[in-house]
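Coordinate analysis (summary)
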Amino acid sequence: MKKRMTTSAGNAIADNQNSITAGEYGPVLMQDYQLIEKLAHQNRERIPERVVHAKGSGAFGELEITNDISEYTKSKVFKKGEKTRMLLRFSTVAGEAGAADAERDVRGFALKFYTKEGNWDLVGNNTPVFFIRDPQKFPDFIHTQKRHPQSNLRSNTAAWDFWSLSPESLHQVTILMSDRGIPQSYRHINGYGSHTYSLINENNERFWVKFHFKTKQGIKTLTNEEASKIVANDRESNQRDLFENIEKGNYPQWDFKIQIMTEEQISTFEFNPFDLTKVWPHGDYPLIDVGVLTLNENPKNYFNEIEQASFSPSNIVPGISFSPDKMLQARIFSYPDAHRYRVGTHYESLPVNRPIVDVNTYHTAGSMNYEEKEVTNAYYEPNSFDGAEENRDLLEPDLVINGDANRYDHNKNNDNYAQVKDLFNLMSDYQKEQLFNNIAESMDGVPSEIIDRQLGHFEKVSENYAAGVRAALKI
Ligand code: NDP
């Protein structure tokens, strides 16, 4: 027998085709509650899109640990042989929810691991660095990537004005404008945790770590020309590629690797090791194999499992922790804040966000607080009624911090050019040619004083970098 069709209160529906009207030709009566409920629900079908990373795709999979890294971390998710179910959401950064996939942009690479010790989220990108190193600049930077308040158009002028006035952006700008700026698909990008994090072992010793996911499909990219042809026919090229490959059983994989720095190494590192605009050179800090990540399951419901998926770098488990990276510190606040606004106070209760372990908080009430928890006398803490308790064994080793509180100029005595030079030097002539042309195209309409200021930065990397862009600009 077919299921009974009902209103959301479970009242049976007699007719879902014809509204109740006064006479055959109308008008509609207010008492047609089924109609009103349908229209009201339709009005509420969208939640606010993410301010950044609005357009995305995702899939579930598994992280398998193949190597022993217990000397660095006690975390159960990193035990050799451990397999952990996970979710990966890819995205572009600047475009709105309906934007085309094949755009020149950084790609989000946001991971949620449903571990035996609670959720561990690693909210990274397909690049190891970022445009800024101080969170004070984040809202301004994002404004330059979004639409002009009057014209409602994206603005090359705003982007290059901000970048040319923020020399710390040059490393990320160079990656964005390189061949890697438009990936062929999400399967063909690397993922990076980008920030420095920490690992803590059984002896309560701290190590500093960077996380890397190297695509087993190989890096594949698109030129501006190739991408514009794709966008003309298909705005969902990356969503389609990911969904269809997983449906076919062609599961994408990434090698999971880490870089480690000891407490001693960190104190003598030539740069600030917590600076999000810099990498740790592989030669000095080699990649250590950890495991393999496989995506093998498409979401059953895009809205429930991808649109409402809420990732946050604040979600850590014993053996993995934060670092003093200023950008990371700000994201620890701003991501959960975004989810409480966008999805709702109890967003962590939704199936896609819910950890596989018991959750025992003393939060109470709040909108959408639907989970039935046993009501006991232990509704505050500390209590004498057997309520959930803290575990001081999980306290981390002391983190020694010295210095006077002030607003330090993050560009003072900070080399914004050396690592860009390393990157520029490893590009082939063809890659350099693409870099110059991509920059020139994206400078269309930008006032000459802003272009001149930016050329000054390219010059500090290499005369050839500036000359190449000048030639592509025909100046
Ligand atoms: P290595 O030669 O050991 O590493 C170079 C890295 O650059 C490789 O991981 C390579 O990725 C990646 N790469 C190549 N072309 C591009 C591109 N167009 N955009 C972004 N990445 C690219 O040198 P170092 O570790 O000393 O780093 C040199 C420079 O390489 C850095 O300044 C940085 O710009 C870039 N880089 C460094 C990373 C790191 O963690 N050390 C990570 C990514 C980039 P692949 O192996 O996939 O080809």
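Shown above is the structure to which this text applies.
Notes on the structure in this doc start here.

How each quantity is defined
- Position numbers for residues count from 1 along each chain, tracking the sequence in the order it is written.
- Totals for whole chains, interfaces and linings use all residues, but because this is a predicted model, local features are given only for residues with pLDDT of at least 70 and pairs of side-chain atoms are given and counted only at 80 or more.
- With hydrogens and water stripped out, all remaining heavy atoms of the structure feed into the side-chain values.
- In this description a helix means any DSSP run of H or I spanning at least four residues, a strand means any run of E spanning at least two, and both kinds are numbered starting from the N terminus.
- Atoms counted for the radius of gyration: C-alpha only. Globule rule: 2.2 Å times the number of residues to the power 0.38.
- Whether two residues are in contact is decided by their heavy atoms, any of which lying within 4.5 Å being enough.
- All tallies of charge rest on Lys and Arg as positive and Asp and Glu as negative; His and the ends of each chain are not included.
- To locate a charge, take NZ of a lysine, CZ of an arginine, CG of an aspartate or CD of a glutamate.
- Burial here depends on accessible area, computed with a 1.4 Å probe over protein chains only, as a share of the maximum for the residue type. Under 20% is buried, over 50% is exposed, and the range in between is partly exposed.
- In this context, the arc is that of the directions from the helix axis out to the C-beta atoms.
- Nearness of a residue to a molecule or strand requires only that one of the residue's heavy atoms be within 4 Å of it.
- Pairs of N or O atoms are called polar contacts if they sit within 3.5 Å, as long as, within protein, a hydrogen donor faces a hydrogen acceptor (for residues adjacent in sequence, only side-chain-to-side-chain pairs).
- Note on areas: Shrake-Rupley, 1.4 Å probe, and residue coverage restricted to the protein chains presented here.
- Each residue receives one of three labels: charged for Asp, Glu, Lys and Arg, nonpolar for Ala, Val, Leu, Ile, Met, Phe, Trp, Tyr, Cys and Pro, and polar for the others, Gly being one of them.
- Definitions used throughout: a 1 Å grid over protein atoms alone; a cavity as a set of points that fits a 1.4 Å probe which cannot get out; a pocket as an open set with protein on both sides within 12 Å along at least five of seven lines; a lining residue as one with an atom within 4 Å of a point.
- Grid points are joined across faces, edges and corners, and a volume is the space filled by probe spheres set on the points.
- Each patch is built from residues lacking any salt bridge and having more than 30% relative accessible area; the joining distance is 9 Å for like charges and 5 Å for nonpolar side chains (Val, Leu, Ile, Met, Phe, Trp, Tyr).
- Salt bridge criterion: a side-chain nitrogen from Lys or Arg within 4 Å of a carboxyl oxygen from Asp or Glu.
- Helix axes are fitted to C-alpha atoms over the stretch in contact, other axes to C-alpha atoms as well, and angles between N-to-C directions run from 0 to 180 degrees.
- Between 65 and 115 degrees an angle is taken as roughly perpendicular, under 35 as roughly parallel, over 145 as roughly antiparallel, and anywhere else as oblique.
- Throughout, a crossing is termed right-handed when the near helix is turned clockwise from the far one, and left-handed when it is turned anticlockwise from it by less than a right angle.
- The pairing criterion is simple: DSSP has to find at least two bridges between the two strands.

Within the chain one finds 13 helices and 10 strands. For 475 residues, the compact-globule formula gives about 23 Å, and the C-alpha radius of gyration of the chain, at 25 Å, lands near that figure. Contacts spanning at least 24 positions in sequence make up 74% of the contacts within the chain whose residues lie at least 6 apart. Within the chain, one finds 53 positive and 67 negative side-chain charges whose respective centroids are separated by 3 Å.

Another aspect to go through is helix H10 (residues 418–426). Listed in full, the buried residues belonging to H10 are Gln-419, Val-420, Leu-423 and Phe-424. In a view along the axis of H10, the buried residues occupy a sector of 145°, so they form one face of it. In H10, the exposed positions that point more than 90 degrees away from the buried face belong to Asn-425 and Leu-426. For H10, the secondary structure elements touched by its buried residues are helix H4 (170–177), helix H11 (429–442), helix H12 (448–461) and helix H13 (463–473).

Within the structure, the ligand sits among 19 residues, and His-171, Arg-180, Lys-214, His-282 and Gln-419 are positioned closest to it. One nitrogen or oxygen atom from the side chain of His-171 is found 2.5 Å from an oxygen atom belonging to the ligand. Within the contact set of the ligand, an oxygen atom lies 2.9 Å away from a side-chain nitrogen or oxygen of Lys-214. Here the ligand, which alone exposes 790 Å², has 77% of that area covered by the protein. When contributions to the shell around the ligand are tallied by element, the ones reaching two or more residues are H4, strand E7 (206–215) and H10. Among the elements that take part in the shell around the ligand, H10 stands out by supplying 4 residues, more than any other. Taken together, the residues that form the shell around the ligand break down as 8 nonpolar, 7 polar and 4 charged.

To continue, consider the layout of surface pockets. Taken as a whole, the largest pocket holds about 1,900 Å³ of empty space. Lining the largest pocket are 41 residues, with Val-359, Asn-360, Thr-361, Tyr-362 and Lys-373 sitting closest to its centre. A per-class count over the lining of the largest pocket returns 14 nonpolar, 15 polar and 12 charged. Approximately 1,000 Å³ is the volume found for the second largest pocket. Around the second largest pocket, the lining comprises 30 residues; the ones closest to its centre are Asn-272, Pro-324, Lys-326, Asn-402 and Tyr-408. Residues belonging to the lining of the second largest pocket are distributed by class as follows: 10 nonpolar, 8 polar and 12 charged.

On to a negative patch on the surface. A surface patch of like charges, here negative, comprises Glu-225, Glu-226, Glu-441 and Asp-444. Tracing the backbone through its elements, the reader meets Glu-226 in helix H5 (residues 224–233).

As a further point, take the pattern of salt bridges. In total, this model carries 20 salt bridges according to the counting rule given. Residue Glu-168 pairs with Lys-137 through a salt bridge whose shortest N-O separation is 2.9 Å. With Glu-168 in the loop between helix H3 (156–165) and H4 and Lys-137 in the loop between strand E4 (118–125) and helix H2 (138–145), this residue pair connects regions lying 31 residues apart in the sequence. The pair Glu-168 / Lys-137 is uniform in exposure class, with both members buried. Linking Arg-206 and Glu-396 is a salt bridge whose minimum nitrogen-to-oxygen distance equals 4.0 Å. Of this pair, Arg-206 sits in strand E7 while Glu-396 sits in the loop between helix H9 (326–342) and H10; the two residues are 190 residues apart in sequence, bridging distant segments of the chain. Assessed through its relative accessible area of 36%, Glu-396 is described here as partly exposed. Taken together, the salt bridges that share partners define one network made up of Arg-50, Glu-307 and Arg-342.

This part is about the packing of H11 against H13. Two numbers describe how H11 lies on H13: the axes approach to 8 Å, and their chain directions differ by 55°. Overall, the two elements H11 and H13 adopt an arrangement that is oblique. Considering the relative orientation of H11 and H13, their crossing is right-handed. Residues Leu-435, Phe-436, Asn-437, Ile-439 and Ala-440 of H11 lie in contact with H13, whose contacting residues are Asn-464, Tyr-465, Gly-468, Val-469, Ala-472 and Leu-473. In the contact of H11 with H13, the residues fall into 8 nonpolar, 3 polar and no charged.

Attention now moves to empty space enclosed by the protein. The final tally for this structure, using the stated rule, is 3 cavities of 30 Å³ or more. Approximately 60 Å³ is the volume found for the largest cavity. In this structure, the largest cavity is lined by Arg-133, Glu-168, Leu-170, His-171, Thr-277, Lys-278, Asp-415, Asn-416, Gln-419 and Val-420. The set of elements that each furnish at least two residues to the lining of the largest cavity consists of H4 and H10. By residue class, the composition of the lining of the largest cavity is 2 nonpolar, 4 polar and 4 charged.

Most of strand E3 (residues 107–115) sits out of view: 9 of its 9 residues are buried. For strand E2 (residues 83–92) and E3, the ladder comprises 7 bridges, and the chain directions are antiparallel. Residue pairing across strands places Leu-88 opposite Leu-111, the latter belonging to E3. Bridging between E3 and E4 involves 8 bridges; their strand directions are antiparallel. When the sheet's bridge partners are listed, Gly-108 is paired in E4 with Asn-125. Joining the antiparallel neighbours E3 and E4 is a turn of 2 residues.

Here we take up a nonpolar patch on the surface. Residues Met-30, Tyr-33 and Ile-36 make up a contiguous nonpolar surface patch of roughly 350 Å² in combined accessible area. Note on placement: Ile-36 falls in helix H1 (residues 33–43). What makes Ile-36 partly exposed here is its relative accessible area of 36%.

Here the focus is the side chain of Glu-305. Inspection of the secondary structure assignment puts Glu-305 in helix H8 (residues 302–307). For Glu-305, which is buried and forms no salt bridge, the nearest opposite charge comes from Arg-85, at a distance of 5.5 Å. With residues up to four places along the chain from it excluded, the contact list for Glu-305 reads Phe-60, Leu-87, Pro-299, Lys-300 and Val-352.

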